[in-house]
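# Coordinate inspection notes
Residue-level listing of the chains:
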Amino acid sequence: RTGEALFRRETDFLKGVVAMNGLPPADRVEVCFAGRSNVGKSSLINALTSRKGLARASNTPGRTQEINFFTLSDSHYLVDLPGYGFANAPLKVVEAWQRLLKAYLAGRPTLRRAFVLIDARHGIKSVDNEILELLDRSAVTFQVVLTKADKVKAKDIERVLDQVRGELAKHPAAFPEIVLTSSDKGDGIDTLRAIIATVA
Ligand code: GDP
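Only a predicted model underlies this, so the values are computations on that prediction, with no experimental measurement involved. (Residues numbered from 1 in each chain as written. Predicted model: local features only at pLDDT ≥ 70, side-chain atom pairs only at ≥ 80, totals over all residues.)

### Brief notes about the site of the ligand
Threshold: Nearness is defined per residue: the C-beta atom, placed using the backbone, must lie within 6 Å of the molecule or strand. Segments assigned H or I by DSSP are reported as helices when at least four residues long, segments assigned E as strands when at least two residues long, and all are numbered from the N terminus. Amino acids outside the nonpolar list (Ala, Val, Leu, Ile, Met, Phe, Trp, Tyr, Cys, Pro) and the charged list (Asp, Glu, Lys, Arg) are all regarded as polar, and Gly is one of them.
Close to the ligand lie 17 residues, the nearest being Gly40, Lys41, Ser42, Ser43 and Asp184. Among the elements that make up the shell around the ligand, the one with the highest residue count is helix α2 (residues 41-49) (3 residues). Residues belonging to the shell around the ligand are distributed by class as follows: 1 nonpolar, 11 polar and 5 charged.

Okay, structure coming up:
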């Protein structure tokens, strides 16, 4: 299936999940999106699915952190994990979310790849390491998607890519190819759709 075909039909919100027993049946290929809050995750998911306001629900700090499931065609789930790295989220919220995240990543048989969003201006920061290590431990292949590429000058991109490559070399679950995107300009969106379509 091509990326175009996978994203042709309207992407429907299926449900927000707050506990493992709320997960939909593991009956399709699943990809998830993770990233620190404000990295541009909602914008990217909206650009991929050509919808505005689709991935807004889990965006408020301190709110109940839900894992949001969307259906892509009839073959994939696209899963939006809550943004991490809120400085002022209540500890109880953070702990509950980490428990659910760990259980989900370690125990979801149909989860084929995690896309970890990283701001192209900053590269991989210490706030990202926790999720990368969790993905290693859970044996979930992850691929880095750089966001907001339009904010980085062409001459600076290589330096960021080198930093990210250096970090990825430390992670056994890392997929080597890095995807450069701009939700504002539309760069890399078709490429990312095509990559998701190849995940089987
Ligand atoms: P989230 O918290 O990860 O869901 O991030 P959002 O999608 O809400 O984006 C956070 C901020 O970054 C917003 O002000 C967006 O307008 C901005 N943003 C997101 N994607 C891009 C992009 O590709 N280019 C630029 N220049 N800004 C972006």
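### Some thoughts on unusual backbone geometry
The phi torsion of most residues other than glycine is negative, and most of the peptide bonds are trans. Unlike most non-glycine residues, Ser73 shows phi in positive territory, near 50°. Tracing the backbone through its elements, the reader meets Ser73 in the loop between β3 (67-72) and β4 (76-80).

### Let's talk about the packing of helix α3 (residues 91-107) against helix α4 (residues 126-138)
Think of two packed helices as two axes; the pair is described by the angle between the axes and how far apart they sit. Heads up, the condition is: In this analysis, axes come from line fits to C-alpha atoms, helices being fitted only over the stretch in contact, and the angle between any two N-to-C directions falls in the range 0 to 180 degrees. Take the far helix as your reference; a near helix turned counterclockwise from it by less than a right angle gives a left-handed crossing, and one turned clockwise gives a right-handed crossing. We call two residues in contact if the C-beta atoms placed from their backbones are at most 7 Å apart.
Relative orientation of the contacting elements α3 and α4 amounts to 40°, with a least axis distance of 9 Å. For α3 against α4, the interelement crossing comes out right-handed. Contact residues: α3 offers Lys102, Leu105 and Ala106, while α4 offers Leu134, Leu135 and Ser138. Among the residues forming the contact of α3 with α4, the class breakdown is 4 nonpolar, 1 polar and 1 charged.

### Details of the sheet that holds β3
The condition that has to hold: Any two strands are treated as partners once DSSP identifies two or more bridges connecting them.
Strand order in the open sheet formed by 7 strands is β1-β3-β4-β2-β5-β6-β7, with mixed pairing between adjacent strands. Two strands lie at the open edges of the sheet, namely β1 (12-17) and β7 (179-180), each paired on one side alone. In this sheet, strand β6 (residues 142-147) lies alongside strand β5 (residues 111-119) in parallel orientation, the contact comprising 6 bridges. Following the sheet pairing, Val116 is matched in β6 by Val144. Where α2 meets the sheet, its contacts fall on β2 (29-35), β4, β5 and β6, and the angle it forms with β2 comes to roughly 145°.

### Concerning the confidence of the model for the protein chain
Basically, it comes down to this: Known as pLDDT, the predictor's per-residue confidence is scaled from 0 to 100.
For the protein chain, the mean per-residue pLDDT works out to 91, and 93% of the residues sit at or above 70. The complex prediction reports pTM at 0.94, with the ipTM value standing at 0.99.

### Thoughts on the environment of Glu130
The line we're drawing: Burial is judged by counting the other C-beta atoms within 10 Å of a residue's own C-beta: 20 or more makes it buried, 12 or fewer makes it exposed, and any count in between marks it as partly exposed, with every C-beta position built from the backbone.
On the secondary structure map, Glu130 appears in helix α4. The exposure class assigned to Glu130 is partly exposed, which follows from the 13 C-beta atoms found within 10 Å. For Glu130 and Pro176, which are 46 residues apart along the polypeptide, the C-alpha to C-alpha distance reads 19 Å.

### Looking at the environment of Asp12
Looking at the secondary structure, you find Asp12 in strand β1. Sequence separation between Asp12 and Glu133 is 121 residues; the distance between their C-alpha atoms is 31 Å. With near-sequence residues (within four places) excluded, Asp12 lies in contact with Phe70 and Thr71.

### Some points on α3
Note the threshold: In this analysis, the expected span of each helix is defined as 1.5 Å times one less than the number of residues it contains. In this description, one arc is meant: the one made by directions from the helix axis to the C-beta atoms.
Taking 1.5 Å of rise per residue, the 17 residues of α3 would be expected to cover 24 Å, and the 24 Å separating its terminal C-alpha atoms lies within 8% of that figure. Restricting attention to buried positions, one finds in α3 the residues Trp97, Leu100, Leu101, Tyr104 and Leu105. Down the axis, α3 shows its buried residues gathered within 125° of arc, on one side only. For α3, the exposed residues lying more than 90 degrees away from the buried face are Leu91, Lys92, Glu95, Arg99 and Gly107. Looking at the buried side of α3, the elements it contacts are β3 and α4.

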